[in-house]
Structures are given as structure tokens and as C-alpha cells.
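# Residue-level structure breakdown
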Amino acid sequence: MKTPPLLRLTFILFLIILLLTCSWYSLNLPVFSDPPKSTSWLCNSKSRVCAHLGSVLETGIHKPRDHMEDVPHHPLDPLTMQEIYKVRTILSTYPPLLPSFPAIHSLSLEEPHKDLVLKWKEGDPLPPRKALVIALLNGQSHVLSVDLDSGLVTSNEINHGSGYPMLTMNDISVAIQVALSHKELNKSTIKRGISLSDLTCITPSAGWFGPNEEGRRIIKVQCFSNQGTPNFYMRPLEGLTMTVDIDKKEVVKFTDTGGGIPVPKGTDTDYRFKAQKEPPKMKPINPISIEQPLGPSFTVEDGHIVKWANWEFHLKADQRAGIVISRAMVSDSETGVPRSVMYKGFSSELFVPYMDPDENWYFKSYMDAGEFGMGATALSLVPLNDCPRHSYYMDGIFVSWDGKPYVQPSIICVFERYAGDISWRHSEIPVNGFNIREARPKVSLVARMAASVGNYDYIFDWEFQTDGLIHVAVSLSGMLMVKGTPHQTADQIPNQEAASGPLISENLIGVVHDHFITFHLDMDIDDTNNTFVKVNLVKEETLPGQSPRKSYLKAKRNTAKTEDDARIKLKLYEPSEFHVINPSRRSRLGNPAGYKIVPGGNAASLLDHLDPPQLRSAFTNNQIWVTPYNRNEQWAGGLFTYQSKGDDTLAAWSKRNRAIENKDIVLWYTLGFHHIPCQEDFPVMPTVSSSFELKPVNFFESNPILKAAPMFEKDLPVCRPATSS
């Protein structure tokens, strides 16, 4: 029987389309040269058929989209490309900024007042759309409010405090070009036997260290050799630092104290897969992935509203903060009605001070969000490696220095996680007449972003669990910032105690440093009237003859009435819980609904409080702060962080000691890492993590996941290897 011509033609067209589609996706996959040979799989689960491991659709690879067609659907949706172009047009005709167009350092949604957002319901008209613009013109920083509906600039304030806006890519490019054209740099590189063509230069921020650096925007420039390796960070030209005036485009100071310090070799510094010539000295790990025969359980509506299990929240990318979670709500376990947990959460600032007073190192005290931007430094995530199969990818729409929008693709991913953990369980020994084996798997939802701020990669995870818990983790990877040394072994160092860090490879010292990440957590437990309560565990001693026990612990509640009451330094031997409660929302037993912040592993800054970097980063003086809600107090390091003196920070605001009881309050939490480098951190660091949790306390009437169903073998695919190539 012959196949009808139309059917044959349809089949041929289908094959062509399939081939073109697969070819397109293959061109857009991350490149790992010489990957391991793949294995095909045959899968079945009764009436279900699993897709082949190589299936493009299963990887969740982001499909490029035309963002020019985007329209906002929610009051908190970021500005669309069309809206950004409109703002640029409005600014280009605004007289105070003429005749030249200013450098745009930030252009983002000016979020509507909180009460408008809380009143808004799906289907309602959106509140007026406005843009918040930070522009630099003739050395002055302008903060402008642009009304998109009227097409007018409604506010233009000039910053008279310390600090400058976040750096643009143009600032960094200008600084590097100025440095590379400096004659002294050429002389210094020739002395080291390095060609200018083999140089890669970076721009460490200058910090603030007194009046000599005020009144002009300056930046440091340091260089490395990229000869023979992409990992130029491991080949510093030690002792060579240029201070560049960004606006005047000139080198104002040149330092080279690196005579006698060799440029470290590039041997074994290339971390790319294709550069690994020897197989790993470990047993291979077979490919692993969670299978979802019915597809993922979450949905993303209108590009930003994430719905999963009992959770709903708004998710977006921000050029400064990176990933922003807003309007997080969890369904009541009794009624199913969504209840407010958090209005807005994001990483507000990062503080990374290095511990070396050397002339070429003392200034390295980065404030990454306010100086460079966590979203601006986030690159596309790598499918199957950064994010698992079935992930949903979200782009960032950001703005360049000339006010034009650009797309930062696939910088956020959303996925379900199952790592074999247990959500709850209990078993009974049959001796009591019960033979019970009850357990539930822990499946959670993760929103992830990774920012590559120069040498370091920061991975941010917001993980939502069905029991109402939010787990927030920050993970660190990437390259160390190393210092060149003439020594090749530790015993050659005359005074190891005086070194700024241990030797991690030949001619390389890993400088000791810290990482602090401060989170802005606008908790709205059931409403905006919240209270912060510190629950102290206090040792009580028994009275003579009262009990065979001599001591026990008792929980004592202390309500914070002002900001001073809520400043917390974590202490291992003074244990406490830290609750945000709604005094007006009571359970059937009379307990106020609340959430508690549960610290994980942490570190505190040990710098002198009068040390300039610590003055600027005084928000790390405590691990917990509580402030009354103020829409102008979102950035812990101040709106203008670059070269700031620390006069507009969380620590400065909190000095007002405002009332916070039964108010709309913001919880601030700082997690930290002390990092003493070691050889295992070379040439690229294995990931290290720290975290905290937001956990319900009397928020639900009982265990909210009691009725969650267990998993059964019959619901899962059965896979076996079919062929190998």
C-alpha cells in the first residue's frame, strides 16, 4: 500500500522542522568540549512514556522572546522595553538635563506606594506607572521620578550627601582604556616580560579613605596576565595599581611596588572541562536527574506570578538587587485562603573586605550590590548544571548607560527540588499493636540566580516548602583574589604569621577576607501591623527539695518597642528565637500568628568600627535589625554607595530609634562568611554555602502538610539503559 503524497510531504516537512529546531537549540546550548558519551534510555510507567534524556524540551532551555511585545500585568512588574524607551524619550527633552543626555546609572520601576499594591486585585487597572532614574550629569547625581502616563518628570532631586551611583559598564570600560594607554603601565609590563596584548585588567572599587579621594569619581585598576590561561586571576602583576579619575579620563596615581615578585605561572589554572587532560581520580558518577512524568507542578503566570502547591509570589530580576521576591503568600491549611507572609525580600547589600593593609590591597572592601549591581553581573544560567531539567527561565530587562534597554537572558530559574529528604515521618514498633510506617518526601520550589561579580560567583536560592518555610541560601564559588609572592613553599616565608593569608599555590597567597550579605525582609504576617519579639532561653535553677533536677530552661518573651530593642548580635551561649508576629491575628488557642527567622552558620565583622570600610558597612555591626517600613530605606549601604562615607546606611537610619511595635516593620538579616583560603580553593573554589530560614510559628492551626500524599512506585517512571554509544 502506497503512502499518499500529501502524507509523505507532511512527514518530510515535520522532519525538517524537527531538525532545524534541534539544530537551533544545539547552537544555543552551553559549550562543553569533548563531553562524555551519552546513554539512551527506555522509560515506561504503565500508560506514561518518559522522554529521551537528550530531549530539548526536557532541559527547560529558555526560548528567546521578543520583549518589545511585553506589557505589565501586575503593579510590581518591571519596566518593559517600550516603557524604558519612553522614559529615555522623556529625559531627552527635559530642560534641566539638556543639551547633553546624562549618563544613566539606574533606571527601574518606581514601585507604587505599598497601600496601592495591597489593595490591587487581578483585573483592576494598574496604579500609575513611574520610573525611578539615577543619572549623572556634570558631576552631579540626579534622582528623577518619571510619570509614564503623563510623560513628565515629576521630581528631580540632586544628591548632596556622600557617594556616587552604581558604576556602569561604560565607566569600567573607560577606566580600563585609560589605564592601558598609560605609558608607565607599558614599562612595568615589559619589566615583567609580559606583553600588553596579554593583559587583562579589572577595576576594584576605590572605597572611601578620606578627603584626598573626595570630590571626584575614582576607581582602581589592576592587571593580570592571561597568557596561556583564561583564569587570569591566578596570574596577578602584583604591586601594580593605577588610580583613575573616571570623569577626567586620566591616571591620577600610579604605583608599582612589585619588583622581584614574579608573575605566577598559568600551569593547571584552566578550570574549563576541555582543558582537563587527565581523567578524574574518582569513580564516575552516572547522569542523575529527577523525573517529572506529568511535568512540573508550578506555573508562571504573566511572566512573573509563580504559583506552586500552597505558595504564590511575584518574582522579578533587578539590576541592583538581582532577584526580588514580592507578595509571598501561603494558603491557609484549613480554609485554603492565601495569607500574606512577606511583602518584599531581596539581598540589599554585600560587603567583602580583604584583610591586607598593603598599599595595593587596603582599599579592597567591596560593596557589590551598590557598586556593581548583582543583576547587572548575572549571566545566563547553564541548563542541567546551574538548574535541573524542567526549569523555567526568566530574563532581566536592564538599562545601559545611554538609557537604552537590553536583555540579560535566563538569569533566573525556577524549579522543583527533591533531594531524597523527608518532609515528615513517624514509625511505631509493632509491640504496641500498631505497625505504622508513615513518611512523606520533601519537595520544594526554588527560585535561583547567580551573579559573577568579577572573580566571585554568588548563587542566591529562595526555596519555598509546603510546610510554610522559606529557606534562603547564599553559595560562593569562582576564583580567589590572590596576592603574588616570591615564595613557592610555605617554609620559604620568613614570618608566616605576618602574611595576609596562606600559600595556596606556587607564588600565590590566598588573602583572608570576609563576605557579608544583608537581606531586606519586609515581613507582612497577615497584614502590615507586626511586632518583633525576642524569645530568650534562660536557665532557671530549682529550689531546694523541689526536684531531683538542679536546672532547666525557660522561654521568656520580650517585645521590642523601638529600634534599639531589636538590634541583635547572635550569641551561642545566649540562645534566643526571633519572631515577627501579628498581635491582631490569633489562633484558636490564642497564640499570635507569626514567623521566626532561624539563623544558620554565620560570621560577624571583626573590623574596628572606626575603620573606613566598617564605617561604610556599619549595617554588619548587628546580624538583625528591625526598622519601620520606609519606601526610601531599601539599600542597607545607602542609595549612593560608591565612595560613600556611611552617612546614609541602615545603621544611620536606625539611630533615630523609632517605634516599631505593632507597626509595618522591616526585618534585616546579615549572614556572613570568614574565608581563610586553602589549596582546595585553587584554581576554582568548590561551592560553600550559608543560609537562614523564615519558619511559621503558630501561623497554622496544626501541621499544614498532614494531608500531603506519600509517593508510590506506580506513579514513577521505570528507566533502564537501552544502548550506549
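Everything below is about the structure shown above.
None of the values given here were measured: they were computed from a predicted structure. What you see as residue numbers is a count from 1 along each chain, following the sequence as written. With the structure being a predicted model, the display of local features is reserved for residues of pLDDT at least 70 and the display and counting of side-chain atom pairs for 80 or more, all residues being used for whole-chain, interface and lining totals. Note: side-chain values were computed over all heavy atoms of the structure, leaving out hydrogens and water.

Whether two strands pair comes down to DSSP finding at least two bridges between them. Only DSSP runs of H or I reaching four residues or more are called helices, and only runs of E reaching two or more are called strands; each is numbered from the N terminus. As paired strands, strand β27 (residues 531-541) and strand β29 (residues 576-586) are joined by six bridges and run antiparallel to one another. The residue of β29 that forms the bridge with Val533 is His579. Sheet topology note: the β29/strand β30 (residues 592-599) ladder contains six bridges and is antiparallel. Counterpart to His579 in the pairing with β30 is Lys596. What sits between β29 and β30 in their antiparallel hairpin is a turn of five residues, with Gly590 showing a positive phi close to 95 degrees.

Further remarks concern the side chain of Ser347. Looking at where Ser347 falls in the secondary structure, it is placed in strand β14 (residues 338-353). Under this definition, polar contacts are N or O atom pairs within 3.5 Å; protein pairs additionally need one hydrogen-donor-capable and one acceptor-capable atom, and for neighbouring residues in sequence, both atoms have to be side-chain atoms. Within polar-contact distance, the side chain of Ser347 engages the backbone oxygen of Ala321 at 3.3 Å. In this structure Ser347 touches Ala321, Phe460, Ile517, Thr518 and Phe519, once residues within four positions along its chain are discounted. Whether two residues touch is decided by their heavy atoms; if any such pair falls within 4.5 Å, the residues are in contact.

Taken in spatial order, the four strands of this open sheet run β6-β7-β8-β9, and their pairing is antiparallel. The open sheet has two free edges, formed respectively by β6 (199-202) and β9 (250-256), since each of these has just one partner strand. Here the average twist between neighbouring strands, direction ignored, is 25 degrees. As defined by bridge partners, β6 adjoins strand β7 (residues 218-225) across four bridges and the pair is classed as antiparallel. Bridging across to β7, Leu199 finds its partner in Ser225. Axis definition: a line fit to C-alpha positions, over the contact stretch in the case of helices; interaxial angles, taken between N-to-C directions, run 0 to 180 degrees. The sheet contacts of helix α6 (residues 183-191) involve β6, β7, β8 (240-245) and β9, and relative to β9 the element is tilted by about 25 degrees.

Looking now at the pattern of salt bridges. Put simply, a salt bridge is a Lys or Arg side-chain nitrogen that is within 4 Å of an Asp or Glu carboxyl oxygen. What the rule picks out here adds up to 34 salt bridges. Asp332 is the partner of Arg339 in a salt bridge, and the nearest nitrogen-oxygen pair spans 2.8 Å. Summary of the burial criterion: residues with accessible area below 20% of their type's maximum are buried, those above 50% are exposed, and those between are partly exposed, where the area comes from a 1.4 Å probe applied to protein chains only. According to the relative accessible area criterion, Arg339 is buried, its value standing at 6%. Of the residues examined, Asp332 reaches a relative accessible area of 10% and is grouped as buried. Notably, a salt bridge pairs Glu371 with Arg616, separated by 3.4 Å at the nearest N-O pair. With Glu371 in helix α7 (residues 368-371) and Arg616 in helix α8 (residues 612-616), this residue pair connects regions lying 245 residues apart in the sequence. Each member of the pair, Glu371 as well as Arg616, is classed as buried. Bridged by salt links that share partners, the residues Lys114, Asp522, Asp524 and Asp664 form one connected network.

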